[in-house]
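Take a look at the letters that make up each chain.
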Amino acid sequence: MTNSDSDKCWAECLDVAVEVARKAGKVVQEAVKQEKSVSTKSTPTDLVTEADQQVEELIISTLRDRFPSHRFIGEESSAAGEKCILTDSPTWIIDPIDGTCNFVHSFPMVAVSIGFAVNKELEFGVIYHCFDGTLYTARKGHGAFCNGVRIHVSKEKDVSKALILTEIGAKRDQATLNIFSGNIMKLLSAPAHGVRIIGSSTLALCLVATGSAEAYYQYGLHCWDIAAAAVIIREAGGVVVDTSGCLVSKCPVSYWLVQEEA
Ligand SMILES: O=P(O)(O)O[C@H]1[C@H](O)[C@@H](O)[C@H](O)[C@H](O)[C@@H]1O
Ligand SMILES: [Mg+2]
Ligand SMILES: [Mg+2]
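Residues numbered from 1 in each chain as written. Chains lettered and ligands numbered in written order. Predicted model: local features only at pLDDT ≥ 70, side-chain atom pairs only at ≥ 80, totals over all residues. Heavy atoms only, no water.

## Quick notes on the environment of T100
Counting through the fold element by element, T100 comes out in helix α4 (residues 100-104). Separated by 96 residues in the primary sequence, T100 and R196 place their C-alpha atoms 18 Å from one another. Those residues in contact with T100 that sit more than four places away from it in its chain are L47, V48, T49 and D52. (Helix = DSSP H or I, 4+ residues; strand = E, 2+ residues; numbered from the N terminus. Contact = heavy atoms within 4.5 Å.)

## Notes on the state of the cysteines
For the structure on display, the rule yields zero disulfides. The cysteine C130 is free of any disulfide, with C206 supplying the nearest cysteine sulfur at 12 Å. Its sulfur unpaired, C146 is 7.9 Å from the next cysteine sulfur, which belongs to C206. Residue C146 is classed as buried on the basis of its relative accessible area, which comes to 17%. (Disulfide = S-S within 2.5 Å. Buried < 20%, exposed > 50% of the residue type's maximum accessible area, 1.4 Å probe, protein only.)

## Concerning the domain arrangement of the protein chain
Interface size is often expressed as the accessible area that is lost when the parts come together. The assigned domain composition of the protein chain is domain 1 (3-150) and domain 2 (159-261). For domain 1 and domain 2, the distance between their C-alpha centroids amounts to 19 Å. Counting residues at the interface gives 48 residues for domain 1 and 33 residues for domain 2. Around 2900 Å² of area is buried between domain 1 and domain 2 when both sides are counted, 68% of it from carbon and sulfur atoms. (Domains from an automatic or database assignment. Buried area = accessible area lost by both parts, 1.4 Å probe.)

## Description of the coordination of the magnesium ion (ligand 3)
Coordination of the magnesium ion (ligand 3) by the protein involves E75 (OE), D95 (OD) and I97 (O), with metal-donor separations of 2.0 to 2.2 Å. As a motif over one chain, the donors of the magnesium ion (ligand 3) read E-x19-D-x1-I. (Donors = N, O, S within 2.8 Å, 3.2 Å for Na, K, Ca; no water.)

See below:
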C-alpha cells in the first residue's frame, strides 16, 4: 500500500471511528438513566457494568464488519481473558466507557475512547464525552481538535502556576494510598494552583490537550485509557512520558506489557 493509499485508508478509518464513537456515546447516554447492574473486576472499586460490555461489543462488531482484517484490544474483552496482542496489523484500542464509576453514579464525566495503531504506531484517537457530546479527535501529523476547532496544550511551565489532574485508579492498599496522597501533598506544597480528580482519565487528558490543565499523571493507567488520548495530547503540542520521564514514542500498547506475537 503506497503512503497516499494508507493515508486515505486511515482517514476513512478515522471517519468510521467518529461515527461509531457517537453511536456508542448515545447508547451510554440512554444507559446512564437506567438501573445499572454493577460488578467489580480487580478490586472492590474497579467497577464494571453490563453497559461497558454491551458498548464494547457494539463498537467492536461494527468495526469488525467494516474492517474484518483488523485486530482489536478492548478493556472488557481483556477483562474477559482475551490477550492484548499488539502486532503491526491495524489495531483498534478501545475503552467503551471511560469513567465507569462516574457512569454508575451518573456523575457527568464519562467518555467513549477509540485509539488506532498501525505498525505499533498510534495513527489517530477519538474521545467522545457522553454527557455533553464534545468530540475530541486527532490524527498523527494532522493536529488535535475539539468539536472541529484546533486545540493546543498550555504554555505554562511553572508548577506553581499549574493546574494538575490525576486519578487514584482502582487500588486502595495502604502503600498505594500513601504514594498517591504523598504526590498530591508535594504538588500542593509546590504550591500548584490546584490538583483535580475527575474520574475519567481520557477526559482529563483531553482537558490537558485543550490547555485547561497543565499536566496529568497516573500510575497504572491501561493502554485503552491512553491510546486515543496520547495522539490528542501529542497533536496538541504535548508530550507523553513514562514514570522515569522518558518520552513514550512508540504506541503505549507495545509499551505496556503487551505480549508481541511470536
Ligand atoms: O475503568 P474505566 O474505563 O472507567 O477507566 C478508569 C480506570 O479504571 C481508573 O483506574 C483510572 O483512574 C481512571 O479513572 C480511568 O478513567
Ligand atoms: Mg478507562
Ligand atoms: Mg472503561
